[in-house]
Structures are given as C-alpha cells and as structure tokens.
Amino acid sequence: MATIARTLDDALEPIADGCVLAVPRESSGVPMAATRALIRRDVRRLHLVALPTSTLQADLLIGAGCIETLETSAVSLGEFGPAPRFTAAILAGAIRMLDATCPALHAQFQAAEKGVPFMPLRGLLGSDVLAHRPDWKVSDNPFATNDPVVLLPALKPDVALLHAPLADRAGNVFVGIQREFFTMAHAAQKTIVTVEKIHDGDLLHDPLLAAGTLPGFYVEAIAVAPRGAWPLPLPDHYGIDAAHMAEYARLAATPEGFVQYLDRYVHEKWAA
Amino acid sequence: MAATSPAMTDRDFRDEELLADVICRLIGDVRHVAVGAASPIPATAALLARQRGCGRPYVSLLGSRAHTFFTDGARELFDCAGQGRIDVFFLSGGQIDGEGNINLVGVGNYDHPKARFPGSFGSAYLYYVVPKVILFRLEHSRRTLVPKVDFISAPGGSADNVFRPGGPVALITSRCLFDFDRDRRRFRLASVHPGHSVAEVVENTGFDFDRPPEVPTTPAPSVETLRLMREVVAPQLAEVYPQFVKNVFGIAATSG
C-alpha cells in the first residue's frame, strides 16, 4: 500500500539512475516539482517515456543532462515555440531518440496493462517512423488475407511519475478524467504520485469520487506538492504560467541562459 | 487575375481569418471534427463551423477542458478515430511534398539532422484513418513545400493492401488553397488568396502541381463571418490558444 512520504525526495527514491520513467502529457498534470527535485538530486541516464508527448518537463531534464534515451511522439513548448534543449540535444546527438506516434505509445502501455506481449495498430505502414523502429514489427492479420498490420511490444516502465489533485491516507489518488494515469499505473512496476493536498476520508467510499480514483494498491509512494505542476497547468485547478513559460523559452535558447534558469528556478530551494 | 481586386484594396481581415474561413468551408457538413496540437487556425475554423451549424459538428480540441467530450484519457481521440468516428482532422509539416507526404521530424539525415522539428505527434496514425485530413502550412516557400520530404512522418498515399480509409483532401497556405487528388497523388491549385498571384505560387512551391487555365481568387470572409470569429469564437479559443487569440484577435490572454 502507498505511503505518504515525509518529503518529496523520499517519495522519489525509487527513481534510480538508468530507470525507465513514464510521464504524462502537459494537459494531464505533469509532476514539475518532482522533476525539479530529480534534477537537484542529479539523476542520470533516464530512459524517459512521455505519453504521448512532452513540453517543458522533457526539455528541462534533457538540458540538465538527466536523459540518455527519450521515447515520445513530440516535444515542443506549444505556443511558446520549439523546445530549445531538446532540439539542441538532437542536433548534437547527445540523446538517443525513439520517435513514436501518439496512439502507438498508448497501445504499448495498454499491452502492458493487459499483460499481453504486444498490441496491433493501424496506420504506420510506409512511414519513416516505422522504418526507424526495428522493435516494431509488421505482421499479417491472421483473421484476413493480405492485410498487413503493425505490432507494438508492451511497454512496462520501471516507474510512472504523476501529479494529481488529491490523495487520501490509504494511498488512493483522485485523478478525475485524466484516465491515462490509470493505464500508466497499471503498466508500470511502481507508481509515484505528487498531489496538491491530502483528502480527509476515503476516496473510494464516495462512488462519484471512486470513479476517478486510482486505488492505492497500484501506488508506491505519494508526496504532497502544492502547485506541483507549476508552471504547467493542472486541469480544473490552475492554468499555465504564460509569463514563466515565455521566460523559459527565452533563457533556454542558449546553454548559458539555461544554466541561469536552473540556478534561479530549480536549484533555489523555494522553487521546489 | 488573382491580383488584388478593387473591393479588396481596403481589406480589413487578417490572413488567419481568411484561412479559418476557407477551412470552415472545407470541413463541410460532418458529425465530428477533431483538432490536434499547435493548430489554432483549424481550431478557429472548427469552432466557427459549430457556431454556424448551431452545435453541429461536435468539436474536440486537444488540450481543452471546455471544448471536448472525451472522458477516457488521451487515447480516446485515437480510439475514436479508429472507430471511424472522427470525420475531419488537421495536420501540418515542417516539410510537405507534392505527393502529400508530411515531415514533422527533421531536415537532412535522420541520424544527423540539420534541423529538428517537434515530432510526428499522432500523424502516423490519424492520416490513415480520418477520412478528411486538411493540411495547413502558413509558410508557403520552397523550404516548406518541397519536391520530396526528408522524413515521412505519414505518407500521402499507401499501397492498395494497406488499410487506408483516410488521407489528405486539401492543403492551405498563406498564399493559396490546393485540392488533393488521392488517385493521382497530386495537388491541384484550387484558388489563390486575395493579394497573391498564380505566378507567385509557382515561384514559391517546390513541387509540381496541376492548375486549371483560370484560377479563382479565394473569397474573402464575409462581415458576418468576421464578426462570429472575433466576437464568439475567439473568446472560446482563449483557453487553449491564449497567445494566438491575443496576437490575432487582440483579446487579452486569461490564465485559467
């Protein structure tokens, strides 16, 4: 059963150097306080799987030298432009990139969730996305003739790291309609969640809340991190900090500016 | 003939508004339009279509809380498309070629690229399964509209044995509108926007395309359309595209 960790760092302890770490898309609830804590701890050689895309989180981890392999469908800062440290790392050959497409990643997590070795998916045939993924196979649909289909291996991360609005003391986590959090937690060996606050009472007790609750059974550790998605949004709670994102885009455009950003917003203790 | 007509000399609309109006007409009468990441002009068009259609089509804006009915997580968009329940989608590309191949990954050799774009997003799936995919790329130049893309995020056409109910129907740029002929895998110039010319389109397009002897001028948005876009659609868009709404419609971004 999940425990409420005393500190954020305690909760993040299972995220070891070299582990396969799964994180969600920007509009779901990205654990940014936890990401800054991992950078302060100087985590190394992560294989980051962003389901299915990433923005600031991947760019920050790449710039800070924490990533060895990145597996995702796209990284950008959205309306704030290209992700500068991602772009620089790819051009320099500094990280290994596994380019995917969104539904392929979803299918790979769903395969792990179901405990099956692979999932078939339409599309992909004739694309260079497929051509550069020797771990993806083309097979014949066994139920038809002359119908090629792509098979994607199950993806079972070591750790899924999420940010959600609420958890109770039994370790149940309210995620609402961010239902990819269920799939991620089902697929991962361990799931670590930061939450805005602790809910008094049992989230599974109220049927309305229970429908959007990830049972503590799947959760390894929880830490309280108020505004833990900042400067990214937490749906239904707070929006993106546009001024901060613009500042990040400006600073991260150069290696020197990126170091300034880290000094100002990551290594400073108040930023946690 | 595509030169600025007298009626257009005091044009009082922005490129983004013209393009959204054209895309709105391309959407047509359908049940469900989905809009992906980084697509503010298609999002404007989709919401405009819904406004004109009194609630039809359903619109799903990726990243929106207000303008989507999905409750099954990020995968529902793709599953819905796989079920044949998304009629229209929009894709762009750092490069687009004359066969409708799109490149969202990079320029040059994949292992040692000269430029890197964000990535393929859902294109390598949605381009195949959504019946009407409208391509949009504001920058109309030989850099973006190329003879052959350096990386195929998703191909414009597929072999006969590939499951492919979907694909491109049109490409809209800041200069013109192209139709796409799926059988011949070629673009055809459909109209040139006010203030632009066929010669300029030819000059700035890196691929060959068909064109009729007389190329019409893209109709300008009506006063009523502009009013709907500015007064009704723009405020709805601010949730997902605050910067775009601020820059194009002059509405201050609200952080929600």
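Computed from a predicted structure; not experimentally measured.

## Remarks on the overall build of chain A
- For chain A, the helix and strand inventory stands at 10 helices and 13 strands.
- The globule rule puts the C-alpha radius of gyration for 272 residues at 19 Å, and the 19 Å found for chain A is close to it.
- Dimensions of chain A, computed from C-alpha atoms along their principal axes, come out at roughly 60 × 50 × 30 Å.
- The proportion of buried residues among the 272 residues of chain A is 53%.
- Across chain A, the fraction of contacts at a sequence separation of at least 24, relative to all contacts at a separation of at least 6, is 73%.

## Description of the interface of chain B and chain A
- Each partner contributes residues to the interface: chain B has 42 residues there, and chain A has 45 residues.
- Sort the elements by how many residues they give to the side of chain B that touches chain A and helix α4 (residues 123–129) of chain B lands first, with 5 residues.
- Partitioning the side of chain B that touches chain A into residue classes produces 23 nonpolar, 15 polar and 4 charged.

## Details of the sheet that holds strand β6 (residues 118–121) of chain A
Residue and element names in this part refer to chain A.
- Read across the sheet, 3 strands follow the order β6-β8-β7 without closing on themselves; strand pairing throughout is antiparallel. With partners counted over all chains shown, the strands left at the sheet margins are β6 and β7 (137–140), one partner each. For this sheet, the mean angle separating the axes of adjacent strands, direction not counted, is 40 degrees.
- Looking at chain direction, β6 and strand β8 (residues 148–153) are connected through 4 bridges and run antiparallel. By the bridge assignment for β8, Met119 is matched with Leu152.
- Strands in contact with helix α5 (residues 102–114) are β6 and β8; relative to β6, the strand with the most contacts, it is inclined by about 150 degrees.

## Here we look at the sheet that holds strand β9 (residues 145–146) of chain B
Residues and elements named next belong to chain B.
- Reading across from one edge, β5-β4-β9 is the order of the 3 strands in this open sheet, with mixed pairing throughout. Of all strands in the sheet, those with a lone pairing partner are β5 (102–103) and β9, marking the two edges.
- Alignment of strand β4 (residues 95–97) against β5, held across 2 bridges, turns out to be antiparallel. The partner of Gln95 across the bridge, within β5, is Asn103.

## Comments concerning unusual backbone geometry
- For the bond running from Leu51(A) to Pro52(A), omega is -10 degrees, close enough to zero to count as cis.
- Along the chain, Pro52(A) falls in the loop between β3 (46–51) and α3 (56–63).
- A cis geometry characterises the amide bond from Arg56(B) onward to Pro57(B), with omega recorded as 5 degrees.
- Tracing the chain through its elements places Pro57(B) in the loop between α2 (40–52) and β2 (58–61).
- At Arg227(A), a residue that is not glycine, the phi angle is positive and equals roughly 50 degrees.
- Among the structural elements, Arg227(A) can be located in the loop between β13 (221–224) and α9 (242–251).
- Residue classification places Arg227(A) among the partly exposed positions, given that 14 C-beta atoms sit within 10 Å.
- Positive phi, close to 70 degrees, is recorded for Asp236(A), a residue that is not glycine.

## What to know about the nonpolar core
- Of all hydrophobic cores here, the largest spans 164 residues; its most connected members are Leu48(A), Val173(A), Met184(A), Ile222(A) and Ile23(B).
- Here the element with the most residues in this core is helix α1 (residues 15–27) of chain B; it accounts for 8 residues.
- Residues lining this core come from more than one domain, with at least three contributed by each of domain 1 (3–101 + 155–262) and domain 2 (122–153) of chain A.
- In this view, Leu48(A) contacts Leu21(A), Val23(A), Ala58(A), Leu61(A), Ile67(A) and Leu70(A); residues no more than four positions away in its chain are not counted.

## Quick word on the packing of α3(A) against helix α4 (residues 84–92) of chain A
Residues and elements named next belong to chain A.
- Axis separation between α3 and α4 bottoms out at 7 Å; the angle between their running directions is 50 degrees. Here α3 lies oblique to α4, going by the angle between them. Seen from above, α3 lies across α4 with left-handed handedness. Judged by residue contacts, Ala58, Asp59, Ile62 and Gly63 of α3 engage Pro84, Arg85, Phe86 and Ala89 from α4.
- The residue inventory of the contact of α3 with α4, partitioned by class, reads 5 nonpolar, 1 polar and 2 charged.

Criteria and thresholds
Residues numbered from 1 in each chain as written. Chains lettered and ligands numbered in written order. Predicted model: local features only at pLDDT ≥ 70, side-chain atom pairs only at ≥ 80, totals over all residues. Helix = DSSP H or I, 4+ residues; strand = E, 2+ residues; numbered from the N terminus. Rg over C-alpha atoms; globule rule 2.2 N^0.38 Å. Buried ≥ 20, exposed ≤ 12 C-beta atoms within 10 Å, placed from the backbone. Contact = placed C-beta atoms within 7 Å. Nonpolar A, V, L, I, M, F, W, Y, C, P; charged D, E, K, R; others polar. Pairing = 2+ DSSP bridges. Axes fitted to C-alpha atoms, helices over the stretch in contact; angles between N-to-C directions. Core = buried A, V, L, I, M, F, W, Y, C linked by C-beta atoms within 7 Å. Domains from an automatic or database assignment. Parallel < 35°, antiparallel > 145°, perpendicular 65-115°, else oblique. Left-handed = near helix turned anticlockwise from the far one by under 90°.

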